[in-house]
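Analysis of the macromolecular model
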Amino acid sequence: MSPTVNLSTGERRPLLRPGTSEVAPTADDIVLSTQHVSFFYGDVQALSDISLDVHRQEITALIGPSGCGKTTFLRCLNRLNDMVPRTRLEGQVLFDGEDLYAKSVRPIDIRRRIGMVFQRANPFPKSIYENVAIAPRANGQRGNLDDLVEESLRRAALWDEVKDKLKSSAFDLSGGQQQRLCIARAIAVEPEVLLMDEPASALDPVATQAIEDLMQDLKRDYTIVIVTHNMQQAARTSDRTAFFTVDQRPEGRVGVLVEYDDTNTIFTNPKDPRTEDYVTGRFG
Amino acid sequence: MTSFHLKATPADSAPLPQRQGARARRALSRVDPMRVVLGALALIPTLVLAFLVYKIFSEAWPAIRFNGWSFFTTKTFTMGNLYGSALEHRNGQVAAGGAQYGVLAFVLGTLLSSLIALLVAVPVAVGGAILLGEKLPAVLQAPLGVFLELLAGIPSVVFGLWGVYSFGPWLSRSVYAPISHLGLPWLSAGVSSNGQGLLTSGLVLAVMIVPIIASITRELVRSVPGNTREGAAALGLTSAESVRVVTLPFIHRGIVAASVLGLARALGETIAVLIISGNALNTYPVSLFAPFSTMASTIAAMLDSALTDSTGMAVHSLAEVGLVLVSITLVVNFAGRYIARSLGTNVPIGRGA
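All of the points below concern the structure found in this document.

Rules and cut-offs
Residues numbered from 1 in each chain as written. Chains lettered and ligands numbered in written order. Predicted model: local features only at pLDDT ≥ 70, side-chain atom pairs only at ≥ 80, totals over all residues. Heavy atoms only, no water. Helix = DSSP H or I, 4+ residues; strand = E, 2+ residues; numbered from the N terminus. Buried < 20%, exposed > 50% of the residue type's maximum accessible area, 1.4 Å probe, protein only. Contact = heavy atoms within 4.5 Å. Axes fitted to C-alpha atoms, helices over the stretch in contact; angles between N-to-C directions. Parallel < 35°, antiparallel > 145°, perpendicular 65-115°, else oblique. Left-handed = near helix turned anticlockwise from the far one by under 90°. Nonpolar A, V, L, I, M, F, W, Y, C, P; charged D, E, K, R; others polar. Phe/Tyr/Trp six-rings, centres within 6.5 Å; stacked < 30°, edge-to-face > 60°. Lys NZ or Arg CZ within 6 Å of the ring centre and 35° of its normal. Buried area = accessible area lost by both parts, 1.4 Å probe. Salt bridge = Lys/Arg side-chain N within 4 Å of Asp/Glu carboxyl O. Polar contact = N/O pair within 3.5 Å; in protein donor to acceptor, adjacent residues only side chain to side chain. Patch = residues over 30% accessible without salt bridge, like charges linked within 9 Å, V, L, I, M, F, W, Y side chains within 5 Å. Areas by Shrake-Rupley, 256 points an atom, 1.4 Å probe, with all protein chains shown as cover. Pairing = 2+ DSSP bridges.

**Digging into the overall build of chain A**
What chain A contains, in helices and strands, is 10 helices and 10 strands. Counting all 284 residues of chain A, 56% fall into the buried class. Here the contacts in chain A between residues at least 6 apart in sequence split such that 69% fall between residues at least 24 apart.

**Here we look at the packing of helix α7 (residues 156-180) of chain B against helix α8 (residues 198-223) of chain B**
All names here are of chain B. One can describe the packing of α7 onto α8 by two numbers: an axis separation of 9 Å at closest approach and a directional angle of 130 degrees. Considering the angle they form, α7 stands oblique to α8. Both α7 and α8 take part in a crossing whose hand is right-handed. In contact with Ser156, Phe159, Trp162, Gly163, Phe167, Gly168, Leu171 and Tyr176 of α7, α8 contributes Leu199, Thr200, Leu203, Val204, Val207 and Met208. Taken together, the residues that form the contact of α7 with α8 break down as 10 nonpolar, four polar and no charged.

**Some remarks on the packing of aromatic side chains**
Inspection of the entire model under this criterion finds 12 aromatic pairs over all chains. Aromatic rings pair up to connect Trp69, Phe71 and Phe72 of chain B into one cluster. Directly above the aromatic system of Tyr101 of chain A lies the positively charged group of Arg79 of chain A, at a separation of 4.9 Å from the ring centroid. The residue whose ring lies beneath Lys167 of chain A is Tyr129 of chain A, and the NZ or CZ to ring-centre distance is 4.4 Å.

**Side note on the interface of chain B and chain A**
Each partner contributes to the interface: chain B provides 23 residues, whereas chain A provides 26 residues. Of the roughly 2100 Å² buried where chain B meets chain A, counting both sides, 62% is carbon and sulfur surface. The tally of links from chain B across to chain A stands at one salt bridge. Salt-bridge contacts for Arg75 of chain A lead to Glu230 of chain B; the nearest nitrogen and oxygen are separated by 2.6 Å. The tally of links between chain B and chain A comes to four residue pairs in polar contact (both at pLDDT 80 or more). Looking at the side of chain B that touches chain A, the elements with two or more residues in it are α9 (226-234) and α10 (239-268) of chain B. For the side of chain B that touches chain A, the leading source of residues is α9 of chain B, giving seven residues. When its residues are assigned to classes, the side of chain B that touches chain A shows 12 nonpolar, seven polar and four charged.

**Re the pattern of salt bridges**
Residue and element names in this part refer to chain A. Taken as a whole and assessed by the stated rule, the structure comprises 24 salt bridges over all chains. Measuring nitrogen to oxygen at the nearest pair gives 3.9 Å for the salt bridge that ties Glu190 to Arg155. One end of the pair, Glu190, is in the loop between α6 (175-187) and β7 (193-197); the other, Arg155, is in helix α4 (residues 146-155), with 35 residues separating them in the sequence. With a shortest N-O distance of 2.6 Å, Glu212 and Arg236 are connected by a salt bridge. In this pair, Glu212 sits in helix α7 (residues 205-218) while Arg236 sits in helix α8 (residues 231-237), placing the two residues 24 residues apart along the sequence. Given a relative accessible area of 3%, Glu212 falls into the buried group. Put simply, Arg56, Asp96, Arg113 and Glu192 are held in one network by salt bridges that share partners.

**Focus on a nonpolar patch on the surface**
Residue and element names in this part refer to chain B. There is a patch of nonpolar side chains on the surface, built from Met34, Val37, Leu38, Leu41, Ile44 and Val48 and spanning about 550 Å² of accessible area. Residue placement: Val48 occurs in helix α3 (residues 33-67). With a relative accessible area of 47%, Val48 lands in the partly exposed category.

**Section: the pairing of strand β2 (residues 44-55) of chain A**
Residue and element names in this part refer to chain A. Here β2 lies mainly inside the structure; 10 of its 12 residues are buried. Both strand β1 (residues 30-41) and β2 contribute to a ladder of eight bridges, which runs antiparallel. The residue of β2 that forms the bridge with Phe39 is Leu47. Between β1 and β2, which pair antiparallel and follow one another directly, the connecting turn spans two residues, one of which, Gly42, has a positive phi of 60 degrees.

Keep in mind that these numbers describe shape and distance, not what the molecule does.
This is the structure we're talking about:
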């Protein structure tokens, strides 16, 4: 059972967790937990009643057809949707048991602990070195950041390619290199969770392979949540998979969570026929 | 087949009978008349500029001969006695008796007032534009943007009137007078009751060029990829840090270009400065508060009397002042281009998110 002890309301609501886990997770296992999360862009509902637990040092994949709200859901996890005007979230997101959307919580503090890599590489218009060093420096790290920059670039498997041109612009790098630079940038602040929004969708197979290898490597220290359109990628890389889909309702199209389980189960023995249709390619 | 083909292809021209001149006609039909017309149109601004510079230069030529180098090194600009019979002869040129022409005070006045305007306007305009483009909700952005554009369109004479009737007297009373009592160098002499002087002019010029720089900067801010801005937010950077690492590096070249545009406006501004400068002649600006003159305002102020100079040298000399002004504006433009280019990283400006 998921922890509900830290709910600020104190209310114990039944957790409608679709699917089942073989092993009941302990509270310590769960880094992020969303409870009945619904999300609205203005009057338009994008997500309805999503409850999902993200387990520590695992890779959780979010899959589903276009427009099912996977990315919106991912952006709820670091409050990046706060930047979009007139959006609203109902339900709760717990991060290490704490309410992420509590009034006292500053989004900036969250984002330093929950990093994000975007669909399209978005390096800063600065040097390669600066791209990695900016966030640690903003967090108050003083002195020589050379070691940290090197370490982050090494872990992002980019060091050997850029070590001789750290001062040159990040825009000189190829698309795949830029994406790995963005990963290095994200892990330089030592986040607990890394959110990845289709990080390889714009990359060629070789660069994609590099990113996937990297994810396995990073899993030892980080918890990763990845949105992907690529089902092979989800099957190859993730420990657990959540399948989202679009629910046609009278008020409009709303994203819902159909099934969440071990990746193996989702791809070989899904419980919901909609999941089966999707993973076998009969839909989407 | 005598008409042009807009899009002549080999297949089009193939059926032409192979007689003498067919090849030439085919070559001619490949010339796109649209390109010729547009090319000619594109040349017009260049030709106008060249023609203008040539005309000013030829008008100024007698003055260049008469004044020599002292034109650039002296501050006294007087047309002499336009009604006397004595004449001044120099280098084969004739001017009214006692005529003496030096541009240096006006050059200093122009450069200093424009520099003040630039120093005040750039931070205000860039800061305001970034605030407008990034921090304010969309419902406020549009009306404030329109307001900015309206401000850019207000005739400069209105700014001049505001400066001399309202802004200047207020500055003189509330700012200049108290400060001048401190007796600091550059901040004491020459305070007039209506505030006419260098600093007032610089500030009014700043108000005039802020909308120019700000509206361009606002467009630049809009072109910054939202994706990159989100990347900064996702790292937990504050909005101030985001401006530093994302917005400014993306737009700094454009800011230089916008500033040069604003500076060019300030350098050439005539009527507002004429009203607020105090129109001091034959003197260097003695303090930030003191009256002065610029090249543009002097040309406007003196042209009427200059036309009565029967030797013509007064008009020639004003043309020479104009020539210096044009040269400075051109130099500023090229310097701006050079700075913008040297700032150049290969930032892909305008590549949307």
